Amino acid sequence: GFLAQTGEPTGTGKGGASCWESERYFPDEIHENLKHSRRGILSMANSGANKNSSQFFFTYGEQVKLDGKYTVFGHVIHGLEALDDLEKVPVDEKHRPLTDIKLR
């Protein structure tokens, strides 16, 4: 697998607002030393440079082609088995899960 994206409240892939009520987007915070170097890296999804809102993703493995383009803000410390389960979920031709998934 590649990654699992979430944080989009409308279910369209185009919704979501930043946590700053006065701004729809917030700027990238890309640091050269933070890389998509392994399974479980957390990064902001965006619709272009400096267009971060509510969506984010978990990597299923190293994704060097994402470095310098997406803000890395953390990594999974416990519960990597949840990524194992997500990676096995059947998806459609657009790589979306056939059934809704809720993380609690």
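Now for a look at the structure at hand. Just so you know, these numbers come straight off a predicted model, no measurement behind them.

This paragraph deals with the overall build of the chain. Along the backbone of the chain there are one helix and four strands. What you see in the chain, going N to C, is helices and strands ordered as β-β-β-β-α. Its C-alpha radius of gyration of 14 Å places the chain within 12% of the 13 Å reference for a compact globule of 104 residues. C-alpha extents for the chain along the principal axes are approximately 35 × 30 × 25 Å. Looking at the chain residue by residue over its 104 residues, the buried ones come to 30%. If you take every contact in the chain between residues at least 6 apart in sequence, the share linking residues at least 24 apart comes to 62%. Summed over its atoms, the accessible surface of the chain is roughly 7400 Å², and 52% of this surface lies on carbon and sulfur atoms. Here the chain contributes 13 positively and 15 negatively charged side chains, and the mean placements of these two sets differ by 4 Å.

Attention now goes to the sheet that holds strand S4 (residues 72–75). Each strand in a sheet pairs with another by means of backbone hydrogen bonds, the pair being arranged parallel or else antiparallel. The four strands are arranged S1-S3-S2-S4 in an open sheet whose pairing can be described as antiparallel. Edge positions in the sheet fall to strand S1 (3–6) and S4, since each of these pairs with one other strand and no more. The average angle at which neighbouring strand axes cross in this sheet is 30°, direction not considered. For strand S2 (residues 41–46) and S4, the ladder comprises three bridges, and the chain directions are antiparallel.

Of all six residues that make up S2, five are buried, and the element is covered over most of its length. Of the pairings in the sheet, the one linking S2 to strand S3 (residues 52–59) comprises four bridges and is antiparallel in character. Each bridged residue has a counterpart across the sheet, and for Asn46 the counterpart in S3 is Asn52.

Here we come to unusual backbone geometry. Residue Asn50 is not a glycine yet carries a positive backbone phi of 60°. Considering the arrangement of structural elements, one finds Asn50 in the loop between S2 and S3. Of note in this structure, His95 is not a glycine but carries a positive phi near 65°. Here His95 shows up in the segment after helix H1 (80–87). A relative accessible area of 66% means that His95 is categorised as exposed.

Basis of the calculations
Sequence positions are assigned chain by chain, starting from 1 and proceeding in written order. Where totals are concerned, whole chains, interfaces and linings use all residues; where local detail is concerned, this predicted model gives features only for residues with pLDDT of at least 70, and gives and counts side-chain atom pairs only at 80 or more. Excluded from the side-chain calculations are hydrogens and water; all other atoms, namely the structure's heavy atoms, are used. Under the DSSP-based scheme used, a helix requires at least four consecutive residues in state H or I and a strand at least two consecutive residues in state E, with every element numbered from the N terminus. This radius of gyration counts C-alpha atoms alone. The globule rule is 2.2 Å times how many residues there are, raised to the power 0.38. The buried label applies to any residue whose accessible area, calculated with a 1.4 Å probe on protein chains only, is under 20% of its type's maximum; exposed applies above 50%, and partly exposed to all values in between. Residues count as neighbours in contact if any of their non-hydrogen atoms are within 4.5 Å of one another. Note that accessible areas follow from Shrake-Rupley with a 1.4 Å probe, and for residues the cover is restricted to the protein chains shown. As used throughout, the charge tally considers Lys and Arg to be positive and Asp and Glu to be negative, leaving His and the chain termini uncounted. A single reference atom marks each charge: NZ on Lys, CZ on Arg, CG on Asp, CD on Glu. Here the rule is simple: two strands pair whenever DSSP picks up at least two bridges between them. The axes used here are C-alpha line fits, helices contributing only the stretch in contact, and every angle between their N-to-C directions lies in the interval 0 to 180 degrees.

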